[in-house]
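As a plain string of letters, each chain reads:
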Amino acid sequence: MNIDLILQNVLNPPILFFFLGMLAVFVKSDLEIPQPLPKLFSLFLLISIGLQGGYKLHSGGFNLHILLVLSLAMLMAVLVPIYTFFVLRLKLDVYNSAAIAATYGSISAVTFVTAGTFLNIIGENYDGFMVAAMALMESPAIIVGLILVSIFAKNNNTKDRIEWNDLLRESFFNGSVLLLIGAMVIGLLTGEKGWKTMEPLFGNLFKPMLAFFLLDMGLVAARQLGAVKKVGSFLLAFGILVPILNAMLAILLAKLFGFEKGNAFMFSVLCASASYIAVPAAMRLSIPEANPSIYITMSLAITFPFNIVFGIPIYYSVVNLLWG
C-alpha cells in the first residue's frame, strides 16, 4: 500500500478534526459540542449525499447494472451478519453474537461520506446509485440478527416479546433511512436544476459540516476507548479483521460483476463499515439481553476509527491494483 494514500487521507481536514476531538478528551479539555448540533450535522450530511446521489442518478439513468449493484448490496447486508454470527459464537452467547453480527452487517453513513471525500481529493468519482445501495444496506441486518436469535436461543421468548410491525417500521422507515431516500428521490425528480438551487448550502458547505461532525465523533470515540479493554483480544481482532475481510469480499464481487472503479471502492467501504446508530438502537429495544457496551464500543471505538484512518486507503489500494 502506498503510504502517500494514508497521508492524503489523514491530512484531510475533516479527518484531522476527528483527531482533534480525540485529543481534547485525552488532555481533559472542556471542548464540547452542544447536544442538538451533532444531530443537525448528521441530518445535513444525509440530505447532502441523498440530493447529490439523486442528481447523479437523474443524469445517468437507471439500468440492469444498477439493479445488479443494488441486489449485491442487499445480498452482502444479509450474508455478513449470518457468517459473523457463527464466528462470534465461538466465544460469545447467542444474544451478543446476534447484536454484534447485526451491527457489522449494517453500514456507517459517515464512513461512506468520508470515503467519498477521499475519492474527491484524489480525483475519482462514484455513481449516485451507490447512495441507494447504502440506504438498502442499513436495515436488513437488524432483521437477520433477530431471526438468528429466534432460531438459536434456548428457552427464547424473543419472538413473543418483539413487536414485529413496530420493528419493521423502525428498520425501514427510521429517520436516517427515510431522510436519505427522500432526499435522493427529490434529487432524482429535480435533476440538475434542483441541485444547482441547493448546491450553495448542501454542496459548498459539505466539508465544513463533515469536519464539525467528525470533531464530535472524535470526542465520542475517545470516550469509548476506555471500554475497549473490556471487549477482549478476540473482539478487538474481530473489529479490525472482519471489516477487512468484508471489504475484500466486496471487491471480489465488484470485479466479477463489472463495477466501475469508484463504485467498487465505495461498495467495499459500505461492506467494511459497521453501524453505531441505527442498529444499536434497534438491538437495545429488541435484544436487551445483549450488552450495548460491547457492540457500541466495537463499532464506534474500534472499527470506525480504523476504517477512516487506515481502512479507506487500504481498500482503495486493492481496488486501484485490480482496476488500474
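See the structure printed just above.
This text gives an overview of the structure that appears in the document. Here the structure is a predicted model, which is why all the values come from computation and not from measurement. Residue positions are given per chain, counted from 1 along the sequence in the order it is written. With the structure being a predicted model, the display of local features is reserved for residues of pLDDT at least 70 and the display and counting of side-chain atom pairs for 80 or more, all residues being used for whole-chain, interface and lining totals. Processing note: side-chain calculations cover all non-hydrogen atoms of the structure and skip hydrogens and water entirely.

### Brief notes about empty space enclosed by the protein
Empty pockets left among the atoms are what a rolling probe the size of a water molecule brings to light.
In step 1: Cavities and pockets were defined on a 1 Å grid built from protein atoms only: a cavity is a group of points that admits a 1.4 Å probe but offers it no way out, a pocket is an open group of points flanked by protein on both sides within 12 Å along at least five of seven lines, and a lining residue is one with an atom within 4 Å of any such point. Grid points are joined across faces, edges and corners, and a volume is the space filled by probe spheres set on the points. Applying the stated criterion across every chain, the model contains 1 cavity of 30 Å³ or more.
In step 2: Taken as a whole, the largest cavity spans an internal volume of roughly 30 Å³.
In step 3: Residue lining of the largest cavity: Met76, Val80, Tyr104, Gly105, Ser106, Ile107, Met137, Leu270 and Cys271, and that is the complete set.
In step 4: Mapped by element, the contributors of at least two residues to the lining of the largest cavity are helix 4 (64–88), helix 5 (94–105) and helix 14 (261–272). Strands here mean DSSP runs of E at least two residues long; helices mean DSSP runs of H or I at least four residues long; both are numbered from the N terminus.

### A short note on the pattern of salt bridges
In step 1: By definition, a salt bridge exists where a carboxyl oxygen of Asp or Glu is found within 4 Å of a side-chain nitrogen of Lys or Arg. In this structure the tally under the stated criterion is 3 salt bridges.
In step 2: The shortest N-O distance in the salt bridge between Glu32 and Arg223 comes to 3.2 Å. In this pair, Glu32 sits in the loop between helix 2 (13–26) and helix 3 (36–60) while Arg223 sits in helix 12 (residues 206–224), placing the two residues 191 residues apart along the sequence.
In step 3: In this structure, Glu124 engages Lys261 in a salt bridge whose closest nitrogen and oxygen atoms are separated by 3.2 Å. Here Glu124 is found in the loop between helix 6 (109–121) and helix 7 (129–137), whereas its partner Lys261 is found in helix 14, with 137 residues between them in sequence.
In step 4: Here Glu124 falls in the partly exposed class, since its relative accessible area comes to 22%.
In step 5: The class for Lys261 is buried, based on a relative accessible area of 16%. Each residue's exposure class comes from its accessible area (1.4 Å probe, protein chains only) as a fraction of the maximum for that residue type: buried when under 20%, exposed when over 50%, partly exposed otherwise.

### Re the packing of aromatic side chains
In step 1: Here the aromatic set is Phe, Tyr and Trp, taking the six-membered ring for Trp, and pairing holds for ring centres within 6.5 Å; pairs whose planes are under 30 degrees apart are stacked, those over 60 apart are edge-to-face, and all others are tilted. Summed over the entire model, instances satisfying the criterion amount to 16 aromatic pairs.
In step 2: Ring centres 5.6 Å apart and planes at 80° place the aromatic pair Phe112 and Tyr126 in the edge-to-face group. You can see Phe112 sitting in helix 6 and its partner Tyr126 sitting in the loop between helix 6 and helix 7, a full 14 residues away along the chain.
In step 3: Relative accessible area serves as the criterion here: at 1%, Phe112 is assigned to the buried category.
In step 4: Ring centres of Phe306 and Phe310 lie 6.3 Å apart, and the angle between their planes is 35°; this geometry places the pair in the tilted category.

Geometry only, nothing functional implied.
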